[in-house]
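# What the coordinates show
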Amino acid sequence: MKNTAPALLLLLSLGVPPGAGAAVALGEASGTYTCSYKLFSSCSSGSATVKLLNGKLQQVSFESLFCATPAKPANRCSLESARGGPDRWSESGTAVRIEFTHPKYPEMDDALAVTVQGQAIVIDFGESQSLPRCDLGADLPEKLTLDPADQNCRVEY
């Protein structure tokens, strides 16, 4: 780990808050990063959290809440997976593919990919099925991009 104390002291002496104007390089970073997002309507939202150790994914979680309407009840979709847990993790470069087996519906195996890029972490739901993990009627975004310098995730549908 690099000693960044002298640079931090210089920035503070200049009145520059830590992290301002500089992107976080994640290749060797350790820490927990969280962002929030809005979904299809103003009352649908969620959050994602990723934990890294020396730039390697250790844990990922997300939760999406879908608002109720007179025609349907509120829906919730969530996931938490950690390295060494019951899910299968396979790595290819900076990407980790996580495969889950649903206890009630083993025929509905599910997967997602998490990629640690230069200054962002991408959670790709392209191979995910919302039904095993979500209440009926809940849909997942295609991708969430978490930038440690921003509290809001970028959402792709």
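Residues numbered from 1 in each chain as written. Predicted model: local features only at pLDDT ≥ 70, side-chain atom pairs only at ≥ 80, totals over all residues. Heavy atoms only, no water.

## Points about the state of the cysteines
Taken as a whole and assessed by the stated rule, the structure comprises one disulfide. A sulfur-sulfur distance of 1.7 Å marks the disulfide that ties cysteine 35 to cysteine 153. Taking the torsion about the sulfur-sulfur bond, which here is approximately 85°, the covalent link between cysteine 35 and cysteine 153 counts as right-handed. With cysteine 35 in strand S1 (residues 31–38) and cysteine 153 in the loop between strand S9 (143–146) and strand S10 (154–156), the pair connects residues that are 118 residues apart, well separated along the chain. We classify cysteine 35 as buried; its relative accessible area is 1%. (Disulfide = S-S within 2.5 Å. Helix = DSSP H or I, 4+ residues; strand = E, 2+ residues; numbered from the N terminus. Buried < 20%, exposed > 50% of the residue type's maximum accessible area, 1.4 Å probe, protein only.)

## Some thoughts on the environment of aspartate 124
Structurally, aspartate 124 is set in strand S8 (residues 121–124). Residue aspartate 124 is classed as partly exposed on the basis of its relative accessible area, which comes to 25%. Along the chain, aspartate 124 and arginine 97 lie 27 residues apart, while their C-alpha atoms are 9.4 Å from each other. Leave out the neighbours within four places in its chain, and aspartate 124 touches Leu112, Ala113, Glu142 and Lys143. (Contact = heavy atoms within 4.5 Å.)

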